[in-house]
Amino acid sequence: MASILDAPFMVELIRTTTNMYDHGWDERNGGNVSLMVDEADLADYLDVENVQRRIPTGFDAPTLDGRYFLVTGTGKYFKNVQYDPAGNLGIIRVTDRGRTAELLWGYADGGTFTSELPAHLMSHAVRLSQNPAHRVVMHCHPANLLAMTFVHDLDERSFTRTLWRMCTECIIVFPEGVNVLPWMLCGTNEIGEATAEKMKTARLVVWGQHGIYGAGADLDETFGLIETAEKAAEIYLKIAHLPILQTITDAELKQAADAFHVVPRAGFLDV
Ligand code: 2HA
Ligand code: ZN
(Lines give C-alpha, C1' and ligand atoms only; values in the text may rest on other atoms or scores of the structure.)
(Ligands and ions follow the chains in the order given, each with its own letter.)
Protein backbone atom coordinates (compact mmCIF):
# COMPACT_ATOMS: atom_id res chain seq x y z
CA MET A 1 0.00 0.00 0.00
CA ALA A 2 1.34 3.45 -0.92
CA SER A 3 2.16 5.96 1.86
CA ILE A 4 -0.81 8.14 2.67
CA LEU A 5 1.58 11.09 2.95
CA ASP A 6 1.95 10.85 -0.84
CA ALA A 7 -1.78 10.92 -1.55
CA PRO A 8 -2.59 14.01 -3.65
CA PHE A 9 -5.36 15.14 -1.27
CA MET A 10 -2.95 14.90 1.70
CA VAL A 11 -0.18 16.82 -0.08
CA GLU A 12 -2.67 19.52 -1.06
CA LEU A 13 -4.14 19.87 2.43
CA ILE A 14 -0.68 20.10 4.00
CA ARG A 15 0.33 22.77 1.48
CA THR A 16 -2.90 24.66 2.10
CA THR A 17 -2.65 24.71 5.91
CA THR A 18 0.98 25.82 5.60
CA ASN A 19 -0.04 28.58 3.22
CA MET A 20 -2.86 29.67 5.54
CA TYR A 21 -0.34 29.91 8.39
CA ASP A 22 2.04 31.87 6.18
CA HIS A 23 -0.78 34.32 5.41
CA GLY A 24 -1.15 34.98 9.14
CA TRP A 25 -4.66 33.57 9.22
CA ASP A 26 -3.98 30.80 11.75
CA GLU A 27 -2.07 31.97 14.80
CA ARG A 28 -1.33 29.32 17.46
CA ASN A 29 -4.10 26.69 17.16
CA GLY A 30 -6.42 29.04 15.27
CA GLY A 31 -8.41 27.71 12.36
CA ASN A 32 -9.50 24.31 11.12
CA VAL A 33 -10.02 22.62 7.76
CA SER A 34 -11.99 19.58 6.69
CA LEU A 35 -11.74 17.96 3.27
CA MET A 36 -14.22 15.31 2.18
CA VAL A 37 -12.33 12.49 0.49
CA ASP A 38 -13.99 9.97 -1.81
CA GLU A 39 -13.50 6.33 -0.79
CA ALA A 40 -11.97 5.56 -4.20
CA ASP A 41 -9.23 8.13 -3.55
CA LEU A 42 -8.38 6.49 -0.22
CA ALA A 43 -8.27 2.89 -1.41
CA ASP A 44 -4.60 2.87 -2.47
CA TYR A 45 -3.46 4.35 0.83
CA LEU A 46 -5.67 3.08 3.65
CA ASP A 47 -7.42 -0.10 4.78
CA VAL A 48 -10.81 1.43 5.49
CA GLU A 49 -11.82 -1.65 7.53
CA ASN A 50 -9.09 -0.89 10.08
CA VAL A 51 -10.84 1.44 12.55
CA GLN A 52 -8.40 2.67 15.21
CA ARG A 53 -10.82 4.44 17.53
CA ARG A 54 -14.49 5.38 17.65
CA ILE A 55 -14.97 8.99 18.80
CA PRO A 56 -18.40 10.41 19.74
CA THR A 57 -19.18 13.67 17.94
CA GLY A 58 -21.92 14.98 20.23
CA PHE A 59 -24.27 15.95 17.39
CA ASP A 60 -26.35 14.53 14.54
CA ALA A 61 -25.36 14.76 10.88
CA PRO A 62 -27.68 12.13 9.42
CA THR A 63 -26.87 12.66 5.74
CA LEU A 64 -23.11 12.16 6.07
CA ASP A 65 -22.91 8.51 7.11
CA GLY A 66 -20.20 6.69 5.18
CA ARG A 67 -18.43 9.92 4.18
CA TYR A 68 -14.69 10.29 4.81
CA PHE A 69 -13.04 13.51 6.00
CA LEU A 70 -9.45 14.60 6.44
CA VAL A 71 -9.71 17.01 9.40
CA THR A 72 -7.26 19.14 11.38
CA GLY A 73 -6.89 18.18 15.05
CA THR A 74 -8.07 20.06 18.10
CA GLY A 75 -5.42 22.24 19.73
CA LYS A 76 -3.03 21.70 16.81
CA TYR A 77 -0.99 24.44 15.18
CA PHE A 78 -1.19 24.90 11.38
CA LYS A 79 2.46 25.92 11.62
CA ASN A 80 3.34 22.32 12.51
CA VAL A 81 1.14 20.34 10.11
CA GLN A 82 3.85 19.98 7.45
CA TYR A 83 6.34 18.55 9.95
CA ASP A 84 3.99 16.04 11.59
CA PRO A 85 0.89 15.33 9.51
CA ALA A 86 -0.08 12.22 11.50
CA GLY A 87 0.04 14.13 14.79
CA ASN A 88 -1.93 17.14 13.56
CA LEU A 89 -4.45 15.62 11.13
CA GLY A 90 -6.86 12.70 11.14
CA ILE A 91 -9.02 10.79 8.67
CA ILE A 92 -12.46 9.94 10.00
CA ARG A 93 -15.48 8.11 8.62
CA VAL A 94 -18.84 9.37 9.85
CA THR A 95 -21.30 6.71 11.07
CA ASP A 96 -24.24 6.35 13.39
CA ARG A 97 -26.20 9.22 11.77
CA GLY A 98 -23.25 11.50 12.46
CA ARG A 99 -22.95 10.66 16.16
CA THR A 100 -19.71 8.69 15.79
CA ALA A 101 -16.46 9.37 13.96
CA GLU A 102 -14.42 6.27 13.15
CA LEU A 103 -10.74 7.21 13.19
CA LEU A 104 -8.88 5.50 10.35
CA TRP A 105 -5.59 7.39 10.46
CA GLY A 106 -3.87 10.21 12.37
CA TYR A 107 -4.37 12.04 15.70
CA ALA A 108 -1.31 9.95 16.56
CA ASP A 109 -0.85 11.37 20.06
CA GLY A 110 -4.33 10.27 21.12
CA GLY A 111 -5.92 13.57 20.10
CA THR A 112 -9.13 14.22 18.27
CA PHE A 113 -10.73 16.34 15.58
CA THR A 114 -11.20 20.11 15.75
CA SER A 115 -13.59 21.50 18.34
CA GLU A 116 -15.39 23.09 15.38
CA LEU A 117 -16.45 19.72 13.89
CA PRO A 118 -20.16 20.59 14.36
CA ALA A 119 -19.83 23.69 12.14
CA HIS A 120 -17.77 21.72 9.63
CA LEU A 121 -20.00 18.66 9.27
CA MET A 122 -23.27 20.59 9.39
CA SER A 123 -21.91 22.96 6.73
CA HIS A 124 -20.72 20.04 4.59
CA ALA A 125 -24.21 18.55 4.71
CA VAL A 126 -25.82 21.82 3.59
CA ARG A 127 -23.31 22.58 0.82
CA LEU A 128 -23.40 18.99 -0.49
CA SER A 129 -27.18 19.17 -0.80
CA GLN A 130 -26.67 22.26 -3.00
CA ASN A 131 -23.65 21.10 -4.97
CA PRO A 132 -22.64 17.42 -5.25
CA ALA A 133 -19.09 18.58 -6.12
CA HIS A 134 -18.72 20.37 -2.75
CA ARG A 135 -15.74 19.04 -0.71
CA VAL A 136 -14.13 21.65 1.60
CA VAL A 137 -14.95 23.66 4.72
CA MET A 138 -12.24 26.04 5.94
CA HIS A 139 -12.15 28.27 9.02
CA CYS A 140 -9.50 30.85 9.92
CA HIS A 141 -8.89 34.26 11.52
CA PRO A 142 -7.80 36.73 8.80
CA ALA A 143 -6.96 40.02 10.50
CA ASN A 144 -8.66 42.47 8.15
CA LEU A 145 -12.01 40.69 7.95
CA LEU A 146 -11.93 40.29 11.70
CA ALA A 147 -11.09 43.97 12.20
CA MET A 148 -13.88 44.95 9.84
CA THR A 149 -16.44 43.22 12.09
CA PHE A 150 -15.64 45.81 14.79
CA VAL A 151 -16.18 48.92 12.69
CA HIS A 152 -18.65 47.94 9.95
CA ASP A 153 -22.29 47.09 10.56
CA LEU A 154 -22.93 43.36 10.33
CA ASP A 155 -25.95 43.55 8.03
CA GLU A 156 -25.18 41.01 5.28
CA ARG A 157 -26.27 43.19 2.39
CA SER A 158 -24.30 46.16 3.65
CA PHE A 159 -21.19 44.09 4.53
CA THR A 160 -21.28 42.36 1.13
CA ARG A 161 -21.74 45.61 -0.79
CA THR A 162 -18.72 47.13 0.95
CA LEU A 163 -16.55 44.12 0.06
CA TRP A 164 -17.82 44.05 -3.54
CA ARG A 165 -16.86 47.70 -3.99
CA MET A 166 -13.28 47.22 -2.76
CA CYS A 167 -12.00 45.16 -5.73
CA THR A 168 -13.64 44.57 -9.08
CA GLU A 169 -13.15 40.81 -8.87
CA CYS A 170 -15.11 40.40 -5.62
CA ILE A 171 -18.56 40.29 -7.19
CA ILE A 172 -17.24 37.78 -9.73
CA VAL A 173 -15.60 35.54 -7.09
CA PHE A 174 -18.47 35.62 -4.57
CA PRO A 175 -21.60 36.85 -6.40
CA GLU A 176 -23.79 35.35 -3.69
CA GLY A 177 -22.12 37.70 -1.19
CA VAL A 178 -21.09 36.91 2.36
CA ASN A 179 -23.32 35.99 5.25
CA VAL A 180 -22.56 37.21 8.75
CA LEU A 181 -23.14 35.85 12.25
CA PRO A 182 -22.89 38.07 15.32
CA TRP A 183 -20.42 36.99 18.01
CA MET A 184 -21.37 33.58 19.35
CA LEU A 185 -19.51 31.06 21.51
CA CYS A 186 -17.32 28.95 19.23
CA GLY A 187 -16.99 25.17 19.34
CA THR A 188 -20.68 24.61 20.08
CA ASN A 189 -23.47 22.83 18.23
CA GLU A 190 -25.37 26.15 18.26
CA ILE A 191 -22.76 28.02 16.24
CA GLY A 192 -22.50 24.94 14.02
CA GLU A 193 -26.21 25.02 13.29
CA ALA A 194 -26.18 28.79 12.74
CA THR A 195 -23.21 28.53 10.37
CA ALA A 196 -24.80 25.71 8.38
CA GLU A 197 -28.02 27.73 8.08
CA LYS A 198 -26.00 30.64 6.66
CA MET A 199 -24.23 28.23 4.28
CA LYS A 200 -27.58 27.69 2.53
CA THR A 201 -27.18 31.02 0.72
CA ALA A 202 -23.42 31.72 0.62
CA ARG A 203 -20.07 29.93 0.64
CA LEU A 204 -18.60 32.57 2.96
CA VAL A 205 -19.84 33.10 6.51
CA VAL A 206 -18.18 35.74 8.67
CA TRP A 207 -18.16 35.13 12.41
CA GLY A 208 -18.28 38.53 14.14
CA GLN A 209 -15.14 39.31 16.18
CA HIS A 210 -13.78 35.82 15.42
CA GLY A 211 -13.06 34.96 11.79
CA ILE A 212 -14.56 33.42 8.68
CA TYR A 213 -15.83 30.13 7.25
CA GLY A 214 -15.46 29.26 3.60
CA ALA A 215 -16.82 26.33 1.61
CA GLY A 216 -16.00 25.09 -1.87
CA ALA A 217 -15.48 22.25 -4.28
CA ASP A 218 -11.74 22.10 -3.62
CA LEU A 219 -9.03 23.63 -1.45
CA ASP A 220 -8.04 26.19 -4.10
CA GLU A 221 -11.57 27.50 -4.55
CA THR A 222 -12.13 27.77 -0.81
CA PHE A 223 -8.76 29.36 -0.08
CA GLY A 224 -9.33 31.76 -2.98
CA LEU A 225 -12.72 32.83 -1.66
CA ILE A 226 -11.29 33.73 1.74
CA GLU A 227 -8.21 35.31 0.15
CA THR A 228 -10.36 37.57 -2.03
CA ALA A 229 -12.70 38.64 0.77
CA GLU A 230 -9.72 39.29 3.05
CA LYS A 231 -8.04 41.43 0.37
CA ALA A 232 -11.22 43.47 0.04
CA ALA A 233 -11.40 43.93 3.82
CA GLU A 234 -7.78 45.08 3.82
CA ILE A 235 -8.53 47.74 1.22
CA TYR A 236 -11.61 48.82 3.17
CA LEU A 237 -9.51 49.35 6.28
CA LYS A 238 -6.94 51.34 4.29
CA ILE A 239 -9.55 53.74 2.91
CA ALA A 240 -12.43 53.81 5.41
CA HIS A 241 -11.04 56.82 7.27
CA LEU A 242 -10.11 58.77 4.10
CA PRO A 243 -12.32 60.96 1.89
CA ILE A 244 -13.67 58.70 -0.88
CA LEU A 245 -13.40 60.46 -4.26
CA GLN A 246 -14.66 57.63 -6.46
CA THR A 247 -15.99 54.12 -6.10
CA ILE A 248 -17.42 51.23 -8.17
CA THR A 249 -21.08 52.03 -8.76
CA ASP A 250 -23.88 49.47 -8.62
CA ALA A 251 -24.29 49.79 -12.40
CA GLU A 252 -20.60 48.97 -12.82
CA LEU A 253 -20.85 46.02 -10.42
CA LYS A 254 -23.76 44.73 -12.50
CA GLN A 255 -21.74 45.26 -15.67
CA ALA A 256 -18.86 43.17 -14.23
CA ALA A 257 -21.24 40.41 -13.09
CA ASP A 258 -22.89 40.27 -16.51
CA ALA A 259 -19.55 40.18 -18.33
CA PHE A 260 -18.43 37.19 -16.24
CA HIS A 261 -21.81 35.46 -16.35
CA VAL A 262 -22.46 35.46 -12.62
CA VAL A 263 -25.70 36.43 -10.89
CA PRO A 264 -25.35 38.78 -7.91
CA ARG A 265 -27.41 37.94 -4.82
CA ALA A 266 -30.98 39.13 -5.43
CA GLY A 267 -31.64 42.53 -3.88
CA PHE A 268 -28.02 43.28 -3.04
CA LEU A 269 -27.52 45.80 -5.88
CA ASP A 270 -29.60 48.94 -6.40
CA VAL A 271 -30.00 48.53 -10.16
O1 2HA B 1 -9.62 25.75 16.74
O2 2HA B 1 -10.26 28.58 15.40
O3 2HA B 1 -12.71 28.55 16.34
C4 2HA B 1 -9.38 27.07 16.91
C5 2HA B 1 -10.46 27.88 16.35
C6 2HA B 1 -11.77 27.80 17.02
ZN1 ZN C 1 -11.67 30.14 15.15
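Calculation rules
Residues numbered from 1 in each chain as written. Chains lettered and ligands numbered in written order. Predicted model: local features only at pLDDT ≥ 70, side-chain atom pairs only at ≥ 80, totals over all residues. Heavy atoms only, no water. Helix = DSSP H or I, 4+ residues; strand = E, 2+ residues; numbered from the N terminus. Rg over C-alpha atoms; globule rule 2.2 N^0.38 Å. Buried < 20%, exposed > 50% of the residue type's maximum accessible area, 1.4 Å probe, protein only. Core = buried A, V, L, I, M, F, W, Y, C linked by side-chain atoms within 4.5 Å. Contact = heavy atoms within 4.5 Å. Donors = N, O, S within 2.8 Å, 3.2 Å for Na, K, Ca; no water. Polar contact = N/O pair within 3.5 Å; in protein donor to acceptor, adjacent residues only side chain to side chain. Pairing = 2+ DSSP bridges. Right-handed = clockwise from strand over helix to strand, strands pointing away.

### Let's talk about the overall build of the chain
Item 1. A count of helical and extended segments in the chain gives 11 helices and nine strands.
Item 2. The C-alpha radius of gyration computed for the chain amounts to 19 Å, which stays within 12% of the reference 18 Å derived for 271 residues, consistent with globular compactness.
Item 3. Overall, the C-alpha framework of the chain stretches about 60 × 35 × 35 Å when taken along its three principal axes.
Item 4. Buried positions account for 55% of the 271 residues belonging to the chain.

### As for the environment of I91
Item 1. Locating I91 in the fold gives a position in strand β4 (residues 89-95).
Item 2. A C-alpha to C-alpha distance of 5.2 Å links I91 and W105, two positions 14 residues apart in sequence.

### A word on the nonpolar core
Item 1. Of all hydrophobic cores here, the largest spans 56 residues; its most connected members are F9, M10, L70 and I91.
Item 2. Setting aside residues no more than four positions away along its own chain, I91 makes contact with I4, F9, M10, L42, L46, F69, L70, E102, L103, L104 and W105.
Item 3. Judged by nonpolar contacts, the second largest core, of 29 residues, contains L64, V71, A101 and M122.

### Things to note about the coordination of the zinc ion (ligand 2)
Item 1. Protein coordination at the zinc ion (ligand 2) comes from H139 (NE2), H141 (NE2) and H210 (NE2), with a distance range of 2.0 to 2.1 Å.
Item 2. Expressed as a motif, the donor residue spacing for the zinc ion (ligand 2) is H-x1-H-x68-H. Here H139, found in strand β6 (residues 136-140), pairs with H210, found in the loop between β8 (204-207) and β9 (211-216); they are 71 residues apart in sequence, far enough to count as distant.
Item 3. The exposure class of H139 is buried, given its relative accessible area of 1%.

### Some words on the environment of Q82
Item 1. Here Q82 is to be found in the loop between α3 (78-81) and α4 (85-88).
Item 2. Setting aside residues up to four positions removed in sequence, Q82 forms contacts with I14 and T18.
Item 3. A distance of 3.2 Å separates the side chain of Q82 from the side chain of Y83, its partner in a polar contact.

### Comments concerning the pairing of β8
Item 1. Burial along β8 is two-sided: the face carrying L204 and V206 and the face carrying V205 and W207 are both buried.
Item 2. As defined by bridge partners, strand β7 (residues 178-181) adjoins β8 across four bridges and the pair is classed as parallel. In the strand pairing of β8, V180 is matched with V206.
Item 3. Between β7 and its parallel partner β8, the chain crosses via helix α9 (residues 189-198), and the hand of that crossover is right-handed.
Item 4. Both β8 and β9 contribute to a ladder of four bridges, which runs antiparallel. Paired with V205 across the bridge in β9 is Y213.
Item 5. Hairpin connection between β8 and β9: a loop of three residues separates the two successive antiparallel strands, and Q209 in this loop has a positive phi of roughly 55 degrees.

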